[in-house]
Amino acid sequence: MQFCRPQPGETTLDKDELKTQIKRLNSKAGQLKMDLHDLAEGLPTDFENLMALATETYEIYHQLNELKKRLKQLG
């Protein structure tokens, strides 16, 4: 799921669209953060899922950071 880089031929997002995507990602990021916290509390149970969940959480927060930078650039 790529939110931050427009593909060739795509138009860039306006401020309202960026805000909408940021809101959606914030919600998803918060849920992933809670899931990661719950998994960490239960360790060593389900440790096999740790890397996948941590990677997904990192990617969402990275995308969120990039979108916020773009929104700031738009002023």
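Above this text sits the structure in question.
Residues numbered from 1 in each chain as written. Predicted model: local features only at pLDDT ≥ 70, side-chain atom pairs only at ≥ 80, totals over all residues. Heavy atoms only, no water.

What the chain contains, in helices and strands, is 2 helices and 0 strands. In the chain, which comprises 75 residues, the share counted as buried stands at 23%. Excluding contacts between residues fewer than 6 apart, the proportion of contacts in the chain whose partners are at least 24 apart in sequence is 73%. (Helix = DSSP H or I, 4+ residues; strand = E, 2+ residues; numbered from the N terminus. Buried < 20%, exposed > 50% of the residue type's maximum accessible area, 1.4 Å probe, protein only. Contact = heavy atoms within 4.5 Å.)

To continue, consider the pattern of salt bridges. Summed over all chains, the structure comprises 1 salt bridge. Measuring nitrogen to oxygen at the nearest pair gives 3.6 Å for the salt bridge that ties Lys69 to Glu66. Here Lys69 and its partner Glu66 are both found in helix α2 (residues 50-74), 3 residues apart, which amounts to about one turn of the helix. By relative accessible area, Lys69 is classed as partly exposed at 44%. (Salt bridge = Lys/Arg side-chain N within 4 Å of Asp/Glu carboxyl O.)

Moving on to the environment of Asn26. With respect to the helices, strands and loops of the structure, Asn26 is situated in helix α1 (residues 15-41). Residue Asn26 is classed as partly exposed on the basis of its relative accessible area of 37%. Linking Asn26 and Tyr61, residues 35 residues apart in sequence, is a C-alpha distance of 8.3 Å. Every residue in contact with Asn26, bar those within four places of it in the chain, is listed here: Leu64 and Lys68.

Here we take up α1. Taking 1.5 Å of rise per residue, 27 residues should cover 39 Å, and α1 covers 38 Å from first to last C-alpha, within 8% of that figure. Those residues of α1 that fall on the buried side of the exposure criterion are Leu18, Gln21, Ile22, Leu25, Ala29, Leu32 and Leu39. For α1, the secondary structure elements touched by its buried residues are α2. Between the side-chain oxygen of the N-cap and the backbone nitrogen of Asp16 there are 3.2 Å, and the N-cap of α1 in question is Asp14. (Expected span 1.5 Å × (residues − 1). Polar contact = N/O pair within 3.5 Å; in protein donor to acceptor, adjacent residues only side chain to side chain.)

Bringing the nonpolar core into the picture now. Soluble globular proteins: nonpolar side chains tend toward being buried together. In this structure, Leu13, Leu18, Ile22, Leu25, Ala29, Leu32, Leu39, Leu53, Ile60, Leu64, Leu67 and Leu71 together form the largest nonpolar core, which totals 12 residues. Of all the secondary-structure elements, those providing two or more residues to this core are α1 and α2. Counting residues per element, this core draws most heavily on α1, which supplies 6 residues. When near neighbours in sequence (up to four residues on either side) are disregarded, Leu53 contacts Leu32, Asp35, Leu36 and Leu39. (Core = buried A, V, L, I, M, F, W, Y, C linked by side-chain atoms within 4.5 Å.)

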